[in-house]
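So the chains spell out like this:
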Amino acid sequence: MEPVVVLSLLAAMVFLLLILGAPVKSIKWIGSGAIRLLVGALLLFFLNTFGTLFDYSLPINAFTAAVSGFLGVPGIVALIFTDLLIIR
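The rules we used
Residues numbered from 1 in each chain as written. Predicted model: local features only at pLDDT ≥ 70, side-chain atom pairs only at ≥ 80, totals over all residues. Heavy atoms only, no water. Helix = DSSP H or I, 4+ residues; strand = E, 2+ residues; numbered from the N terminus. Rg over C-alpha atoms; globule rule 2.2 N^0.38 Å. Buried < 20%, exposed > 50% of the residue type's maximum accessible area, 1.4 Å probe, protein only. Contact = heavy atoms within 4.5 Å. Phe/Tyr/Trp six-rings, centres within 6.5 Å; stacked < 30°, edge-to-face > 60°. Core = buried A, V, L, I, M, F, W, Y, C linked by side-chain atoms within 4.5 Å. Polar contact = N/O pair within 3.5 Å; in protein donor to acceptor, adjacent residues only side chain to side chain.

A. Representation of the overall build of the protein within the structure. The helix and strand inventory of the protein stands at four helices and zero strands. The helix and strand sequence of the protein, counted from the amino end, reads α-α-α-α. Over its C-alpha atoms the protein spans a radius of gyration of 18 Å, topping by over 25% the 12 Å that the globule rule assigns to 88 residues. C-alpha atoms of the protein, sized along the principal axes, occupy 55 × 30 × 20 Å. Relative to its 88 residues, the protein shows a buried fraction of 20%. Of the contacts made within the protein by residues no fewer than 6 positions apart, 53% connect residues no fewer than 24 positions apart.

B. A look at the packing of aromatic side chains. Taken as a whole, this structure holds two aromatic pairs when the rule is applied. A centroid spacing of 5.5 Å and a plane angle of 70° characterise the contact between Phe50 and Phe54, whose relative ring orientation is edge-to-face. Phe50 sits in the exposed class, given a relative accessible area of 51%.

C. Layout of the nonpolar core. In this structure, Leu44, Leu47, Tyr56, Leu58, Val67, Ile76, Leu79 and Ile80 together form the largest nonpolar core, which totals eight residues. Going through the elements one at a time, α2 (24–51) and α4 (73–87) are the ones with two or more residues in this core. The element contributing the most residues to this core is α4, with three residues. Those residues in contact with Leu44 that lie beyond four places of it in its chain are Leu58, Pro59, Ile60, Thr64, Ala65, Ser68 and Leu79.

D. View of helix α3 (residues 62–71). For α3, the set of buried residues is Thr64, Ala65, Val67, Ser68 and Gly69. One side-chain oxygen at the N-terminal end of α3 lies 3.2 Å from the backbone nitrogen of Phe63; it belongs to Asn61. Backbone geometry just downstream of α3 places Gly72 in the positive-phi region, at approximately 75°.

E. Seen up close, the environment of Ala41. With respect to the helices and strands, the residue Ala41 is situated in helix α2. Judged by its relative accessible area of 23%, Ala41 falls in the partly exposed class. As a C-alpha pair, Ala41 and Ile86 span 45 residues in sequence and 22 Å in three-dimensional space. If sequence neighbours within four positions are ignored, Ala41 has contacts with Ile60, Ala65 and Ser68.

F. The side chain of Ser68, seen in detail. Assignment of secondary structure puts Ser68 in helix α3. Here Thr64 takes part through its backbone oxygen, which lies 3.0 Å from a polar atom of the side chain of Ser68. A distance of 3.2 Å separates a polar side-chain atom of Ser68 from the backbone oxygen of Ala65. The contacts of Ser68, once residues within four sequence positions are left out, are Gly40, Ala41, Leu43, Leu44, Ile76 and Leu79.

In structure tokens form, the structure reads like this:
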């Protein structure tokens, strides 16, 4: 899809939400998910920063950020074990 089309659709959706009003619960849910994704990406960043001492890194993408953000430390441990045992 062209970037102009995507931005136009996004602007139209924002305009509709402003006019019609958005349910507060859904906005709260979306905001909570976005914060969890950011926290997950931040945790992975610190893992990669600390992992350079051991020559280890995990890629930071949407999937790994979601797993680490929503599951926390057990999610990061699961990603590490998956990377070491299955992928490598």
